[in-house]
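Coordinates in review
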Amino acid sequence: MKTMTKRTAVAALTGVMAVGMLTGCGEKKLDGTKTVATVDGTEIPLGIVSLSVREGQAQTEAMYKSFMGGQDYSIWSMDAEDGKTYGEQAVEQSLKDVELMYIMKEKAADYNVEVTDDDEQKIADAAAAFMAANSEETLQELAVSEDQIKTYLELQTYKSRMHDPLIADVDKDVSDEEAQQSSFDYVSISTADLSDDEIKQKKEDAQKILDDLKAAGSDGDLNEIAKSVDDSYSSVSGTFDTNEDAAKEDSDEESDSSSSSSAYPDEVMKVLRTLKDGEIGPDVIETDTSYYVVKLDKVNDEEATETKKQSIISTRENKLYTDTTEKWLDDADINVEKKVLKTLKVTDNHKFSIATATPEPTEEAAATETPGGYRGSRRNRGNGYSGSYRGD
């Protein structure tokens, strides 16, 4: 029998500001009241999907902007898969996310998940504050009403609270043999795109590092030795699956490569599996593109093994969550109004950004996470705000 979840949830609106619409002045405004899809007979208004899309758009643009040192980066018109642009994919993914949230709300009672009257009041307060903090132009760009904002926050809360019950039955028993990790240090010297003379010099460097490491013994500092040969060299620490069968299974499942033997060349793994604690690889290891010098740290690295156990459990949880929710979507009676969906576009000419704000602290706000903020429209920037609440 499933137990009532008491998981605390936070529903927060992040700030969206229309900052540019180079071709938008004459564009037809979205009608957020139109039904964009039905899920098991429940109608989804376009405004809710629009809010989800713009949040995702703003977050993605902020991420790319940080990577580009503050520069804008055009991504949405680029070709993705199946003849679609990334912008078109973003709209379809947001619709799918919203569809799933509606399904989760319907199934919540099966998992003893609820949104209380107190939650609903906090949602209503957040939605009202959101409406007050944003300009009319911004709200028109989003094509979202106050009731739709409340619905969106409610759906997000159900989604948040459904997560733990959905993965509660995951097998958390992971054996030491399955998870055991060995740790090692290595220097990798690339030979890609080099002349024969340059490759020869790289091999001599690798041999020098190995000879000096052997002379220093098990206590030798591989990083210092590598840099003494050439300051551009440095050592790196890594881990791998001690059990070869676990390594093969890990590779087949394409799990976290940071702790998977598949992250390293077969030539390297063959040598590492012959070594004991503190031992140095007897020869420079040559691959098609690099020379390696290796030193095994621990055959059984307990800390890395515990991390691997948690990674295995997390992978199982993610798989159960994904398998379950994908089946729900497959089994649901979903009808999409494609003509309505096509009116919602994500382009590089029409950008949205997230603004942060610091509302005056209240007694209740002290118990919430730091919220994000909404700013005004592309011409009139209002004060930033985020509606947020924490359920009981």
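Residues numbered from 1 in each chain as written. Predicted model: local features only at pLDDT ≥ 70, side-chain atom pairs only at ≥ 80, totals over all residues. Heavy atoms only, no water.

Another aspect to go through is the packing of helix H7 (residues 196-216) against helix H8 (residues 222-229). Here H7 crosses H8 at 140°, and the two axes come no closer than 9 Å. Between H7 and H8, the crossing angle belongs to the class labelled oblique. Where H7 crosses over H8, the handedness of that crossing is right-handed. Residues Asp205, Lys208, Ile209, Asp212, Leu213 and Ala216 of H7 form the contact with H8, whose own contacting residues are Leu222, Ile225, Ala226 and Val229. Here the residues of the contact of H7 with H8 sort into seven nonpolar, no polar and three charged. (Axes fitted to C-alpha atoms, helices over the stretch in contact; angles between N-to-C directions. Helix = DSSP H or I, 4+ residues; strand = E, 2+ residues; numbered from the N terminus. Parallel < 35°, antiparallel > 145°, perpendicular 65-115°, else oblique. Left-handed = near helix turned anticlockwise from the far one by under 90°. Contact = heavy atoms within 4.5 Å. Nonpolar A, V, L, I, M, F, W, Y, C, P; charged D, E, K, R; others polar.)

Let us look at the packing of aromatic side chains. Scanning the model with the defined rule gives six aromatic pairs in all. Ring geometry for Phe184 versus Tyr186: centroids 5.2 Å apart, planes at 25°, classification stacked. Among the residues examined, Phe184 registers a relative accessible area of 2% and is labelled buried. Residues Tyr186 and Tyr264 carry aromatic rings whose centres are separated by 5.8 Å and whose planes lie at 75° to one another, so their mutual orientation is edge-to-face. (Phe/Tyr/Trp six-rings, centres within 6.5 Å; stacked < 30°, edge-to-face > 60°. Buried < 20%, exposed > 50% of the residue type's maximum accessible area, 1.4 Å probe, protein only.)

Overall, antiparallel pairing links the three strands, which are arranged S4-S3-S9 in an open sheet. A strand with exactly one partner marks an edge of an open sheet, and here the two such strands are strand S4 (42-45) and strand S9 (334-336). Adjacent strand axes in the sheet meet at a mean angle of 20°, parallel and antiparallel pairs treated alike. In the sheet, strand S3 (residues 35-39) pairs with S9 via three bridges, with the strands oriented antiparallel. Pairing of Thr38 across the sheet is with Asn335, part of S9. (Pairing = 2+ DSSP bridges.)

Turning our attention to the pairing of S4. Relative to S4, S3 is paired through four bridges, and the arrangement is antiparallel. Among the inter-strand pairings, Thr38 is bridged to a residue of S4, identified as Glu43. Two successive antiparallel strands, S3 and S4, enclose a turn made up of two residues, where Asp40 displays a positive phi of approximately 50°.

One non-glycine residue, Asn112, lies in the positive phi region at around 55°. For Ala143, which is not glycine, the phi dihedral falls at a positive 60°. Within the secondary structure layout, Ala143 lies in the loop between helix H4 (136-142) and helix H5 (146-166). Given the relative accessible area of 12%, Ala143 is considered buried.

A word on a positive patch on the surface. Together, Lys338, Lys339, Lys342 and Lys345 give the surface a local cluster of positive charge. Along the chain, Lys345 falls in the loop between helix H12 (338-341) and strand S10 (350-353). (Patch = residues over 30% accessible without salt bridge, like charges linked within 9 Å, V, L, I, M, F, W, Y side chains within 5 Å. Areas by Shrake-Rupley, 256 points an atom, 1.4 Å probe, with all protein chains shown as cover. Salt bridge = Lys/Arg side-chain N within 4 Å of Asp/Glu carboxyl O. Lys, Arg positive; Asp, Glu negative; His and termini not counted. Charge placed at Lys NZ, Arg CZ, Asp CG, Glu CD.)

Turning to its location among the elements, Thr322 is positioned in helix H11 (residues 302-331). For the pair formed by Thr322 and Ile167, sequence separation is 155 residues and the distance between their alpha carbons is 9.9 Å. Here the side chain of Thr322 touches Asn318 through a polar contact of 2.8 Å, landing on its backbone oxygen. (Polar contact = N/O pair within 3.5 Å; in protein donor to acceptor, adjacent residues only side chain to side chain.)

Within H8, the full set of buried residues consists of Leu222, Ile225 and Ala226. With its buried residues spanning 100° around the axis, H8 presents them on a single face. Exposed residues on H8 whose side chains face more than 90 degrees from its buried face are Glu224 and Ser228. Of the surrounding secondary structure, the elements contacted by the buried residues of H8 are strand S5 (181-190), H7 and strand S8 (290-298). Two or three places before Asn223, at the opening of H8, Asp221 has a side-chain oxygen 3.0 Å from that residue's backbone nitrogen. (Arc of directions from axis to C-beta.)

What follows covers the nonpolar core. By size, the foremost hydrophobic cluster in this structure holds 51 residues, and its most contacted members are Val36, Ile44, Val49 and Trp328. Elements with a contribution of two residues or more to this core: S3, helix H1 (46-67), helix H2 (86-107), helix H3 (117-133), H4, H5, H11 and H12. In terms of residue count, H2 provides more of this core than any other element does, eight residues in total. Ranked by size, the runner-up nonpolar core spans 14 residues in total, among them Ala206, Leu210, Tyr291 and Val293. (Core = buried A, V, L, I, M, F, W, Y, C linked by side-chain atoms within 4.5 Å.)

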